[in-house]
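# Structural characterization, general
Spelled out, the chains give:
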Amino acid sequence: MTTAIWQLSEAELLAESAAVSHQIQLLEARRIALVADIDTRVSREKLGFPGPAGWLTSTTLLSAGKANKIVALARGLKNFPDIADAVNAGVMTVDHAALILTFAETPPKNLPQAGQDIARKAMIAAATGPDARTGRIREAITKLHDRFGGKKPPPEDTDRNEFFASKTLNGRLVLKGDFDAITGEKLLTALSPLTEPRPAADGDGDETPKTGDDRSPAKRRADAFGHILDQYLASSDRPIEGGERPHLNLHITLRDLTDLRDSADADDIADDIADDETNRAAAESDTDRVDPVDINTGHPIHPDAEDGTNPPCAADRGAYRDLFGDGTSVGWLPWMGPLSRNTSRQLACDCVLTAIVMDEHGSPINLARTARTVTAKQRKALIARDHTCAFPGCGKPAAWTEGHHIRHWADGGPTDMNNLVLLCGFHHRLLHHSDWEVFIGTDNHPWFIPPATVDPYRQPRRSHARAGPHIA
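All values reported here derive from a predicted model rather than from experimental measurement.

### Re the overall build of the protein chain
Broken down by element type, the protein chain carries 15 helices and 9 strands. Considering the protein chain as a whole, with its 472 residues, one finds that 32% of them fall into the buried category. Here the protein chain displays about 29200 Å² of accessible surface, and carbon together with sulfur accounts for 55% of that area.

### Overview of the packing of helix H1 (residues 10-41) against helix H4 (residues 64-76)
In the contact formed by H1 and H4, the axes pass within 8 Å of each other and the chain directions differ by 75°. Compared by their axis directions, H1 and H4 come out roughly perpendicular. Facing Glu-28, Arg-31, Ile-32, Val-35, Ala-36 and Asp-39 of H1, the residues of H4 in contact are Lys-66, Ile-70, Val-71, Leu-73, Ala-74 and Arg-75. Its residues placed into classes, the contact of H1 with H4 shows 7 nonpolar, no polar and 5 charged.

### Remarks on the packing of aromatic side chains
All chains considered together, the criterion is met by 4 aromatic pairs. For the pair Phe-49 and Phe-391, a centre-to-centre distance of 5.8 Å together with 90° between the ring planes defines the contact as edge-to-face. Residue Phe-49 is found in the loop between helix H2 (44-47) and helix H3 (52-59), and its partner Phe-391 is found in the loop between helix H14 (376-386) and strand S5 (401-405); the two are separated by 342 residues along the sequence. Where Phe-391 meets Phe-448, the ring centres are 5.5 Å apart and the plane angle is 70°; that geometry is what we call edge-to-face. Taken together, the residues span a long stretch of sequence, with Phe-391 in the loop between H14 and S5 and Phe-448 in strand S8 (residues 446-449) at a distance of 57 residues.

### As for the packing of helix H6 (residues 94-105) against helix H7 (residues 113-126)
Helix packing for two helices is described by the angle between their axes and how far apart those axes are. At a minimum axis distance of 10 Å, the contact between H6 and H7 shows a crossing angle of 175°. Classed by the angle they form, the pair H6 and H7 counts as roughly antiparallel. Counted together, Ile-100, Phe-103 and Ala-104 of H6 and Gln-116, Ala-119, Arg-120, Met-123 and Ile-124 of H7 form the full contact between these two elements. Split by residue class, the contact of H6 with H7 holds 6 nonpolar, 1 polar and 1 charged.

### Side note on the nonpolar core
A general feature of soluble globular proteins is that nonpolar side chains tend to end up buried together. Counting residues in each nonpolar core, the largest one holds 34 residues, and the members touching the most others are Ile-32, Leu-73, Ile-83, Met-92, Ile-100 and Met-123. Contributions of two or more residues to this core are made by H1, H3, H4, helix H5 (81-88), H6, H7 and helix H8 (134-148). Per-element tally for this core: the top contributor is H6, with 7 residues. Not counting residues within four places of it along the chain, the set of residues in contact with Met-123 comprises Ile-100, Phe-103, Ile-137, Ala-140, Ile-141 and Leu-144. One finds Ala-390, Leu-423, Leu-430 and Val-438 within the second-largest nonpolar core, a separate group that totals 14 residues.

### Side note on the confidence of the model for the protein chain
Detailed conclusions should not be drawn from predicted coordinates in areas where pLDDT is low. Averaged over all residues, the pLDDT of the protein chain is 76; the fraction at 70 or higher stands at 67%. Ignoring residues within four places in sequence, the model shows residues 264-328, a span with pLDDT below 50, making 63 contacts including any to other chains. Per-residue pLDDT stays below 50 along residues 351-355; that stretch engages in 6 contacts with residues further than four places along the chain or on separate chains.

### Digging into the sheet that holds strand S7 (residues 437-440)
Strand order across the open sheet formed by 3 strands is S7-S8-S9, with antiparallel pairing between neighbours. Looking at which strands have only one partner, the edges of the open sheet turn out to be S7 and strand S9 (461-462). With 4 bridges connecting them, S7 and S8 associate as antiparallel partners. Along S8, the bridge assignment pairs Ile-440 with Pro-446.

### Thoughts on the pattern of salt bridges
Counted under the stated rule, the structure contains 13 salt bridges. A salt bridge links Asp-39 to Arg-75; its shortest N-O distance comes to 2.7 Å. Residue Asp-39 is located in helix H1, and its partner Arg-75 is located in helix H4; the two are separated by 36 residues in the primary sequence. With a relative accessible area of 24%, Asp-39 lands in the partly exposed category. Arg-75 gets classed as partly exposed once you look at its relative accessible area, which sits at 43%. Among the salt bridges present, the one from Asp-223 reaches Arg-215, with a minimum N-O distance of 2.8 Å.

### Observations regarding H8
The terminal C-alpha atoms of H8 lie 21 Å apart, and with 15 residues this matches the ideal 21 Å at 1.5 Å per residue to within 8%. Turning to H8, its buried residues number three or more, namely Ile-137, Ile-141 and Leu-144. The arc that holds every buried residue of H8, seen down its axis, measures 65°, which confines them to one face. Exposed side of H8, more than 90 degrees from the buried face: Arg-138, Lys-143 and Arg-147 are the residues found there. Looking at the buried positions of H8, the neighbouring elements they touch are H6 and H7.

### What to know about the environment of Arg-215
Tracing the chain through its elements places Arg-215 in the loop between helix H9 (181-191) and helix H10 (217-234). With residues up to four places along the chain from it excluded, the contact list for Arg-215 reads Glu-196, Arg-198, Arg-220 and Asp-223. Within the structure, the side chain of Arg-215 is placed 2.8 Å from the side chain of Asp-223, a separation counted as a polar contact.

Reading the values: the criteria
- Residues numbered from 1 in each chain as written.
- Predicted model: local features only at pLDDT ≥ 70, side-chain atom pairs only at ≥ 80, totals over all residues.
- Heavy atoms only, no water.
- Helix = DSSP H or I, 4+ residues; strand = E, 2+ residues; numbered from the N terminus.
- Buried < 20%, exposed > 50% of the residue type's maximum accessible area, 1.4 Å probe, protein only.
- Areas by Shrake-Rupley, 256 points an atom, 1.4 Å probe, with all protein chains shown as cover.
- Axes fitted to C-alpha atoms, helices over the stretch in contact; angles between N-to-C directions.
- Parallel < 35°, antiparallel > 145°, perpendicular 65-115°, else oblique.
- Contact = heavy atoms within 4.5 Å.
- Nonpolar A, V, L, I, M, F, W, Y, C, P; charged D, E, K, R; others polar.
- Phe/Tyr/Trp six-rings, centres within 6.5 Å; stacked < 30°, edge-to-face > 60°.
- Core = buried A, V, L, I, M, F, W, Y, C linked by side-chain atoms within 4.5 Å.
- pLDDT = per-residue confidence, 0-100.
- Pairing = 2+ DSSP bridges.
- Salt bridge = Lys/Arg side-chain N within 4 Å of Asp/Glu carboxyl O.
- Expected span 1.5 Å × (residues − 1).
- Arc of directions from axis to C-beta.
- Polar contact = N/O pair within 3.5 Å; in protein donor to acceptor, adjacent residues only side chain to side chain.

Right under this line is the structure:
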C-alpha cells in the first residue's frame, strides 16, 4: 500500500520524487515503443485516422502537438538506436531526444558522415543524466550548422524558415517565426508605415503627437499586422480555398443575430444584455426559468419555495442544458471558435453576413438542391453546423474539408443538408472504403457508427464538434 505523502519524511519525499521521475521517463519510452508498433501493425480503418497521432489525440489527454512529437520520435528512433537506447534506459528526456533526432535526421549539408556520428554521440553524452542542459546541445547544433550548413550564411538560408501559429487554451493565437533576411525585410517594410505613432485626437498630422498614442511598439506592430490581413482579405487576388476566396465568416443563430441588430449602440451594451436576459427569462416556461443566485453561497434562490429556503440542489438544469454543446455561443469563428457577445456585435455591424437560419439544435434549416455539387451557401451552412471535420476526434479545420453525401449521389442521394456531412480528405475516403457509417440523427447533426472491429457493440458516436460533456 502506498504511504500517504504527508506521512513521508523529508528524505523519503526526495527519494520517492526522484524514483517517480525515473519511472515517468521509462513509461514515456514505453509509450514511444508502443506507438512505433501501432504505426506499423494497426490498420488505418481500426485507428480511424491516417496515423497514430490522430488516434492518440482523440483517445488520450495528449494535445495534437504532443501526439505528433511522440509519433515522430517513434518513427525516427528506429534509425538511430543509440538515441533510442538512452531514452529506453531512462537517462535522457524525450525533449532532448527529439532535439538530437532532428539534428540527426537533417544534419548540416556539408558535415561528413563521420562528423555526424561523432557529433551525435557527443550530444547524447551531453544530454545524459541530471547535468544535461538543453543550451549546450543547441549551442553545438548551432555551431555545426553555421560551419557546415552550406554556402549560404544563416541570414540568407530560406531552408531554415519557420512560422508557427498555435491556438491557446483561452482562445487566442500565438505566432512565432524564424525568417531569412529577405523575408524579414519584406515583413518589416510592410509593417513600417502602419506602425508609426498616431497623432493625438486634437493634434496636427504635421506635429509630433504629445501623448496621443500610448501603444507600445509591440502593440503597434500587432495592429499593423491585423490591418495587412484586412487589406489582403479585401483584395481580389486571393487563391481559392473550398471553392471560394477565403474571407471571415461569423456563425450566429437567427435569434442572437436579431438580438444584436435590434440593440442600441455600444454604450448600451450592459442595458441590452440585461433587458435581453429579462425578456428571455419571461418567455421561458416555469420549468426553464433561471432563478437569481445567492452571492454568498452561489446557490440559486427560489423565492416561491414553500419554506422560503434555498435548497442547494434545486437549480433548474434546463437553464444550463447544452452548456458544452452547440448553438450556445453568440458567435463562432471556423478557425478560432466561440466569440463573446460584444465582439459578435462588432462583427455584425462591420461585415456582410451570410444569413443561415438555425433550428433549436443549432443545425441550419435544410437547403435543398438537385445538383450533385454542394453550393457555396450550403457549404457555409455545413460549416455552421459541423464547424470542422465531423469525424469523432478529428477536428480538421473546415477549410480543409469536403461535403460528403451520406447516401451516395450515384445511389439517388440528394445534395440536401440532411444528406451531407463535412469530412477531411482522409475521413472522406475512410467512409467510402471501410465499414464506418454516418447518419443524421433526430437532432439534425451527424452521428458515426464504428465497425465491429473497433467497437463490437457499434455504439453511435457524436460528431467532433458535439463530443464532450452535455448536461442532461
